[in-house]
Amino acid sequence: MLTALRRKIRLGMQRTVLIAVLLAVGVFSYAFLNLKFCFKLMSHRSLNLMCQKFEKHEYSGSLCEELCGPQSSFDNFQCPLNDMKTILFTAEKNGDMYAVKLARHNDDELSWTNSKGEAIYPKIEEFHEIVKLHIILAYNVTLDDNMIRALVNQEISDDNSQQMVSFWRLFKDNNYMMGKLFDEESIFPAVLGSCGPYYATEGLEIVQSNPSIMQYLASNRLQRLKHALNIMEYIFRLDEMKPEPLKMCKMQVNRFGTTPERRLKYQSAEHIYVESQLDKRLSRGVKCHTNKDCHFHSCIGMCDEEHKACTHIQQNNNFQIFCEHVLLGGGTFQPGLLSGVRLSKPLQKLVKMCIQPPKEHQVPGRELAPNAQLALRIYNELKQLHQAAAAAAGSETPDEGQGQRGV
């Protein structure tokens, strides 16, 4: 009888603990979903640190004054709706959404040591030249002195090495630099200001949330087809960039968003590179055993079997990545935009050719890269499918009647 009583007490305590744990998880989940609470708990310290550094004159920049000043016009501070790896928090200013980000750390020292063991930092004019050379080497873009001064758009005191170091961290951050260098092309969120290594970009309205099994069941086929067409048009724009095309090594549906003017942009340029820079990265002779050792995310390299080294340029391109990862996806639990959409046999064949292009449809020197003609055929097939779906649904779309995209 005593044993039975002990068992009842033990089971009762286990139930109590389980209920308490479930309640705690429920409360935390609800609080986490409350974005303002999330900001206070997780992101507010980033803002506090930024302002402390600004008060000590270690950080400089227009964003410092806007966020940390007594008359700040920012409000509605929240955690981001998605992409917490890139965005620290969001805030509104005059009704516009700002996304505040932090540049990545880099190991490239800006100073050197003299014979006395003292750290020596460059003068502001020397810093301009360092930035200019970095942009030429990393992006194949040449800027004149006035452009460099405009890029370094906040004053750096000659004797304030900490401010210079934080700016150097910005210029070594690919996401920040792509936004600044390609600002006029409007393909990435516009950079709206910086404070030390922190910077703000315009907020985007994400078009498509994370793909899920519900995508098979949801009646959003028309929206997904339209989104696929818009992404293809975006990729065509990347291929037309000057001085050379831009390559996406990560392409995720839930990173594409629109500005208030309804222009499609990609939320993060962290894994987007100019073609020559990416080719150098993939063919720099790293030791390898298989081709996978030479890949960089979705950008495919190739292992030289004889030398066991990565010596080949990128073998696929943006369209191959789009067809494989965006259109088809990764199966039931990672569906693509065409999941659950009945495709014509010609379109099915074209998508397969896009992922594994035959020789006559390859970009020269890139065995897994479909050429522009094949990409255009897929675009026009998707366009016809979208128009047929819109007609069946009895809806009118803004782009109907514009015809097919020409070769």
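It should be noted that the structure appears before, not after, this text.
Residues numbered from 1 in each chain as written. Predicted model: local features only at pLDDT ≥ 70, side-chain atom pairs only at ≥ 80, totals over all residues. Heavy atoms only, no water.

K.L.:
Would you mind going over the environment of Asn76 with me for this structure?
P.N.:
Within the element layout of this structure, Asn76 appears in strand 1 (residues 74-78). Placed 17 residues apart in sequence, Asn76 and Lys93 show a C-alpha to C-alpha distance of 8.7 Å. At 2.8 Å, the side chain of Asn76 and the side chain of Glu92 are in polar contact. (Helix = DSSP H or I, 4+ residues; strand = E, 2+ residues; numbered from the N terminus. Polar contact = N/O pair within 3.5 Å; in protein donor to acceptor, adjacent residues only side chain to side chain.)

K.L.:
Hey, could you run me through the environment of Gln267 in this one?
P.N.:
The topology assignment puts Gln267 in the loop between strand 11 (264-266) and strand 12 (272-274). In the structure, Gln267 is positioned 61 residues away from Ile206 in sequence and 8.6 Å away in space, judged by C-alpha atoms.

K.L.:
Honestly, helix 4 (residues 124-139) in this entry has me stumped. Any pointers?
P.N.:
Spacing of three or four residues puts side chains on the same side of an α-helix, whose turn is 3.6 residues. For helix 4, with 16 residues, the first-to-last C-alpha span of 22 Å sits near the 22 Å given by 1.5 Å per residue. All of the buried residues along helix 4 are Ile124, Phe127, His128, Val131, His134, Ile135, Ala138 and Tyr139. Down the axis, helix 4 shows its buried residues gathered within 125° of arc, on one side only. In helix 4, the exposed positions angled more than 90 degrees off the buried face are occupied by Glu125 and Leu137. (Expected span 1.5 Å × (residues − 1). Buried < 20%, exposed > 50% of the residue type's maximum accessible area, 1.4 Å probe, protein only. Arc of directions from axis to C-beta.)

K.L.:
It is not clear to me how the side chain of Arg169 should be interpreted in this structure. Could you clarify?
P.N.:
When you line up the elements, Arg169 lands in helix 6 (residues 161-171). Among the polar contacts made by the side chain of Arg169, one reaches the main-chain carbonyl oxygen of Ala103 at a distance of 2.7 Å. Ignoring sequence-local partners within four residues, the contact set of Arg169 consists of Leu102, Ala103, Arg104, His105, Asn106 and Pro197. (Contact = heavy atoms within 4.5 Å.)

K.L.:
Can you walk me through the state of the cysteines in this structure?
P.N.:
Where two cysteines share a covalent bond between their sulfur atoms, that bond is called a disulfide. All chains considered together, the criterion is met by six disulfides. Between the sulfur of Cys288 and that of Cys303 lies a disulfide, 2.0 Å long from S to S. The sign of the S-S torsion, about 85°, decides the handedness of the disulfide formed by Cys288 and Cys303: right-handed. A residue pair is termed long-range when its members are at least 10 positions apart, and Cys288 in the loop between helix 10 (275-282) and strand 13 (303-304) and Cys303 in strand 13 qualify at 15 residues. Judged by its relative accessible area of 2%, Cys288 is buried. (Disulfide = S-S within 2.5 Å.)

K.L.:
Explain the packing of aromatic side chains to me, please; I cannot follow it from the model alone.
P.N.:
Here the distance between the centres and the angle between the planes together describe a pair of aromatic rings. Inspection of the entire model under this criterion finds 13 aromatic pairs. Between Phe167 and Phe171 the ring centres are 6.3 Å apart and the planes differ by 45°, which places this aromatic pair in the tilted class. With Phe167 and Phe171 both in helix 6, this residue pair falls four residues apart, about one helical turn. Relative accessible area serves as the criterion here: at 1%, Phe167 is assigned to the buried category. What makes Phe171 buried here is its relative accessible area of 0%. Clustering of aromatic rings is evident, with ring pairs tying together Phe127, Phe167, Trp168, Phe171, Tyr176 and Tyr199. (Phe/Tyr/Trp six-rings, centres within 6.5 Å; stacked < 30°, edge-to-face > 60°.)

K.L.:
How should I be thinking about the sheet that holds strand 10 (residues 256-258) in this particular structure?
P.N.:
Strand pairing in a sheet relies on backbone hydrogen bonds. The paired strands run either parallel or antiparallel. With antiparallel pairing, the three strands of this open sheet are ordered in space as 8-10-11. Only two strands of the sheet have a single partner each, and these edge strands are strand 8 (205-206) and strand 11. Note that strand 8 and strand 10 share two bridges and pair antiparallel. Note that in strand 10 the partner of Glu205 across the bridge is Thr258. Sheet contacts for helix 9 (residues 221-239): strand 10 and strand 11; angle to strand 11, the most-contacted strand, approximately 70°. (Pairing = 2+ DSSP bridges. Axes fitted to C-alpha atoms, helices over the stretch in contact; angles between N-to-C directions.)

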